[in-house]
Amino acid sequence: MSLSWNEFPFIALPAALCWLAAGLLACRRAQSPRFGYMADALAIIGIALFSAFIIAFWNALSRPPLRTMGETRLWYALFMILAGYVIYRRWNYPWLLLLSAIAATAFTVVNLLKPEIHSIALMPALQSFFFIPHVIIYIIAYALFGVATLAAGALLVRRRKSSDDHDLLAFTDNLVYIGFGFLVLGLLLGAIWAKEAWGHYWSWDPKETLAFITGAAYLVYIHLRHQSRKDNLVIWTLLAAFLLLLLCWFGTALLPGSSLHLYS
Amino acid sequence: MTRKLWQFPWGYPEAALLVTGIALVGFLLQLTVGHFDFGLLHYPANLIALAVLIGLIALGTRFQNNQIVRWIAGIPLSIALTVALLFLGLYMELTPQLPRLPSQSPDLASRLGFRMVTSSWPFVLLYTMTLIALGLTTLKRLLRFSRRDITFLCNHLGLWIFLASAGFGAADMMRVVMHVDIGETEWRVFNKAGKALELPIAITLNRFTMEEYPPNLTIIDREATPSAQPEKKHKPANAKDFFQIDPKRPKGRIGDWEITLDEYLHTAVFVNGEYHLNPMPESTPAAKITARNLLTGKTKTGWISAGGNISEFFSALPLDDRHLLTMTQAEPKRYASNITVIPKDGIAFNTILEVNKPVSIGGWMIYQYGYETELGKMSHWSEMELVYDPWLLPVRIGMGLMAIGALLLAWNGASRRRVAK
Ligand code: HEM
């Protein structure tokens, strides 16, 4: 079968509704186990519907749909919800399923509302299979670090008031470990892709340096925690790491200088 | 009882001091002898240096119970080193780095190596110390291998192999750009001074092909200043100034004009006053457009073309006294060189080289690099970048181990973290 953008809304909207409903139901799972099953079913149906569209669309184009901005948005949405669902199943973080459902829906809605991006061309170097997982995996790593930062902030506040909260610290550790795993995967995919496209796997390009700095900061946290330190210094390390992430993120956008990652 | 500085067991203060000391020595070296010369690390010097480093690390594991060895392989030093490298990275991120050394009177920042951090002595020394510390940590665990340490080993051994081969292999890497005219065979590359270097690979360029995206339409205001013309502006920011030709969406709008695409020829030639479909290389996109002014209701119809490389093919549609509807130059969608690769000692083969699809042959990777941009698909030549990197295999092994380590880290989370004794 083959499908085109004309059929897209009829598949994308139901799929997005499935994702959002799955995310909401997952968050309500504590009330009744049935909500949990429904969340699973809806997430899988949504993912299957959306994948079916991509396959049929690919079939119609007789090339991988990777050439235009609209086409890459399809993959963003799919990878986002897939990763969100896998992490939800593995770690029982329903909020993550909801967050990724919202992000995937946002990508889809942009595709629905701005059909002109369906024909905006990508430069040839971006037409790579490594490109989309590279971007999505980074987004997920940064999102996990973001939540870890919130948890660290909550820890500081709670410590002022009462005693320690072991569960919250363990939760923070877990988020940082998973986030770090994703960060390294994103880096490696970027390196493989850069080697394919430009001939070097690492060139200290500003975004690569940013990933290095972020990675180093979270490594400090991981290694500090390895000694079972729980003092506030550890928490502050985490806050500082996220601050660095933000600083470099916005700093790179504002600073002059050329980057592989600035495309026109 | 509190421990005095330099009293065993060492911890964070000693680690901070060692790292500061290394950095200071680095800055002194930088001021006196200038940048670290990676040329010193050409094969076989790099192999020897690496062997010495591994020997040192192996020697270290013979004295596992020595307090200093334990400290080098411990958390405090690893954190101090990470923090120091983090600061250098931060500096690189926030100040522009130079690709080459400045020739005239350098300022203090350049003399301290801050304009080219990655080849400055402090960076090189801290990198080496990290290799020693990380190597010792890893080898210690490797020697008393336990399956529980798999994640640790993949991450640390992978990182060590990656850092070691990227660092020690940097000098052996060679990147050159070869320029080949269509129909010619080339085996030389020229440096800036025009000096030729002969490569063990020759390349014949059989054909250069390019596919283009359908172009955009835009309106030029003859009375506006040249810099305000839409084509001079950044495109995505002003998408409203453009109409993207797409036969599947023939209607659109630019400003007060409603645009309808009546007919589109992706490869047209202009003969006898008309555009005809013709796949010849000189062809250019052409479109028949109807434009209706939404304010006055006036309609204009006509053929438009950016003309490609032949000025006679150009045509624009005057909308009124002031405004002209024109077509932008088509942008490349895909370009490729049909080449024959002839290794000095080996069998020649034909292949198609395009962006993101390099060809690998005996330690060399060949990339599509450039073409004559003004001529686009009519380019008379193509440039290939040839990259020689004999250390690519260990780099890949290191990256592979790190990938496994990262997956295990993400899958296991902190749940199976070993709590230090
Ligand atoms: C990709 C980078 C890295 C990751 C993901 C990572 C992760 C980890 C983890 C998860 C642990 C505790 C795991 C366990 O004990 O089983 C650990 C321990 C450790 N790491 Fe790393 N690390 C990285 C880089 C480094 C670097 C660059 C150094 C040193 C310069 C280092 C030195 C150490 C040391 C000394 C330990 C403690 C080992 C022990 O107690 O036996 N790590 N690391």
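Please refer to the structure higher up on the page.
Cut-offs used in this document
- Residues numbered from 1 in each chain as written.
- Chains lettered and ligands numbered in written order.
- Predicted model: local features only at pLDDT ≥ 70, side-chain atom pairs only at ≥ 80, totals over all residues.
- Heavy atoms only, no water.
- Donors = N, O, S within 2.8 Å, 3.2 Å for Na, K, Ca; no water.
- Tetrahedral: all angles 85-135°; square planar, octahedral: opposite > 155°, others 65-115°.
- Helix = DSSP H or I, 4+ residues; strand = E, 2+ residues; numbered from the N terminus.
- Buried < 20%, exposed > 50% of the residue type's maximum accessible area, 1.4 Å probe, protein only.
- Contact = heavy atoms within 4.5 Å.
- Buried area = accessible area lost by both parts, 1.4 Å probe.
- Salt bridge = Lys/Arg side-chain N within 4 Å of Asp/Glu carboxyl O.
- Polar contact = N/O pair within 3.5 Å; in protein donor to acceptor, adjacent residues only side chain to side chain.
- Phe/Tyr/Trp six-rings, centres within 6.5 Å; stacked < 30°, edge-to-face > 60°.
- Lys NZ or Arg CZ within 6 Å of the ring centre and 35° of its normal.
- Pairing = 2+ DSSP bridges.
- Axes fitted to C-alpha atoms, helices over the stretch in contact; angles between N-to-C directions.
- Near = heavy atom within 4 Å.
- Core = buried A, V, L, I, M, F, W, Y, C linked by side-chain atoms within 4.5 Å.
- Expected span 1.5 Å × (residues − 1).

Looking now at the coordination of the iron atom of the ligand. Protein coordination at the iron atom of the ligand comes from His223(A) (NE2) and His156(B) (NE2), with a distance range of 1.9 Å. Considering all six donor atoms around the iron atom of the ligand, the spread of angles at the metal, 86 to 179 degrees, places the coordination shape in the octahedral class. Separated into two different chains, His223(A) in helix α7 (residues 206-226) and His156(B) in helix α7 (residues 150-169) make up a pair that spans both. Owing to a relative accessible area of 16%, His223(A) belongs among the buried residues under this scheme.

Below, the discussion takes up the interface of chain A and chain B. Counting residues at the interface gives 57 residues for chain A and 59 residues for chain B. Regarding the contact of chain A and chain B, the summed buried area is about 4800 Å², with carbon and sulfur atoms giving 66% of it. On the chain A side of the interface with chain B, the three residues burying the most area are Tyr177(A), Tyr201(A) and His226(A), jointly 14% of the side's total. Here chain A is connected to chain B by zero salt bridges. Between chain A and chain B we count seven residue pairs in polar contact (both at pLDDT 80 or more) in total. With 17 residues, helix α6 (residues 166-198) of chain A is the single largest residue contributor to the side of chain A that touches chain B.

Turning to the packing of aromatic side chains, a few remarks are in order. In the structure shown here, the tally under the stated rule is 37 aromatic pairs over all chains. Ring geometry for Trp95(A) against Phe171(A): centres 6.1 Å apart, planes inclined by 80 degrees, an arrangement best described as edge-to-face. Of this pair, Trp95(A) sits in helix α4 (residues 94-113) while Phe171(A) sits in helix α6, placing them 76 residues apart in sequence. What makes Trp95(A) partly exposed here is its relative accessible area of 25%. On the basis of relative accessibility, which here comes to 22%, the residue Phe171(A) falls in the partly exposed class. Ring geometry for Phe145(A) and Tyr218(A): centres 3.7 Å apart, planes at 5 degrees, overall stacked. Within this pair, whereas Phe145(A) is found in helix α5 (residues 131-161), its partner Tyr218(A) is found in helix α7, the two being separated by 73 residues in sequence. Each member of the pair Phe145(A) and Tyr218(A) is classed as buried. Among the aromatic side chains, those forming a connected cluster through ring pairs are Trp5(A), Phe8(A), Trp19(A), Phe50(A), Phe53(A) and Phe57(A). Across from the ring centre of Phe152(B), 3.9 Å away, lies the NZ or CZ of Arg141(B), which sits over that ring. When the ring centre of Trp187(B) is taken as origin, the NZ or CZ atom of Arg188(B), which lies over that ring, is 5.4 Å away.

Turning next to the pattern of salt bridges. Residues and elements named next belong to chain B. Inspection of every chain in the model, using the stated rule, returns 13 salt bridges over all chains. One salt bridge in this structure joins Arg188 and Glu186, with 2.9 Å as the shortest N-O distance. For Arg188, a relative accessible area of 31% translates into the label partly exposed. Of the charged contacts in the structure, one is a salt bridge between Arg334 and Glu211, with a shortest N-O distance of 2.9 Å. Of this pair, Arg334 sits in strand β13 (residues 332-343) while Glu211 sits in strand β3 (residues 196-212), placing them 123 residues apart in sequence. Taking relative accessible area as the criterion, Arg334 reaches 25% and is therefore assigned partly exposed. On the basis of relative accessible area, Glu211 is assigned to the partly exposed category, the value being 32%. Connected through salt bridges with shared partners, the residues Glu211, Arg334, Glu354 and Lys357 form a single ionic network.

The next thing to look at is the sheet that holds strand β1 (residues 174-181) of chain B. Residue and element names in this part refer to chain B. The four strands lie next to each other as β1-β17-β16-β15, forming an open sheet whose pairing is antiparallel. Each having just a single partner strand, β1 and β15 (359-361) make up the two edges of the open sheet. Adjacent strand axes in the sheet meet at a mean angle of 30 degrees, parallel and antiparallel pairs treated alike. When strand β16 (residues 364-371) meets strand β17 (residues 381-388), the two strands line up antiparallel, connected through seven bridges.

Neighbouring the ligand are 18 residues, the closest being His223(A), His226(A), Ser78(B), Arg141(B) and His156(B). In this structure, the ligand sits where chains A and B come together, each supplying nearby residues. Take His226(A): an N or O atom from its side chain is 3.0 Å from an oxygen atom of the ligand. Contacts to the ligand include Arg141(B), whose side-chain N or O atom sits 2.8 Å from an oxygen atom. Contributions of two or more residues to the shell around the ligand are made by α6 and α7 of chain A together with α4 (75-94), α6 (121-143) and α7 of chain B.

In this section: the nonpolar core. Formed by 147 residues in total, the largest nonpolar core has its most connected members in Trp19(A), Phe50(A), Phe145(A), Phe182(A), Tyr218(A), Leu77(B) and Trp160(B). When residues no more than four places from it in sequence are discounted, the contact partners of Phe182(A) are Ile87(A), Ile137(A), Ile140(A), Ala141(A), Leu144(A) and Ala410(B). Within the second largest apolar cluster, 18 residues are counted, among which are Tyr264(B), Ala291(B), Ile304(B) and Met327(B).

Take helix α3 (residues 69-91) of chain A next. All names here are of chain A. In this model α3 runs 32 Å from its N-terminal to its C-terminal C-alpha over 23 residues, within 8% of the 33 Å that 1.5 Å per residue would give. Within α3, 17 of the 23 residues are buried, which leaves the element mostly enclosed by the surrounding structure. Asn92 lies just past α3 and shows a positive phi near 60 degrees.

Below, the discussion takes up the side chain of Thr209(A). Tracing the sequence through the fold places Thr209(A) in helix α7. In terms of polar contacts, Thr209(A) uses its side chain to reach the backbone carbonyl oxygen of Trp204(A), at 3.4 Å. Each residue touching Thr209(A), except ones within four places of it in the same chain, is listed here: Trp204(A), Gly89(B), Met92(B) and Glu93(B).

Quick look at the environment of Leu189(A) now. Here Leu189(A) is to be found in helix α6. For the pair formed by Leu189(A) and Pro133(A), sequence separation is 56 residues and the distance between their alpha carbons is 7.7 Å.

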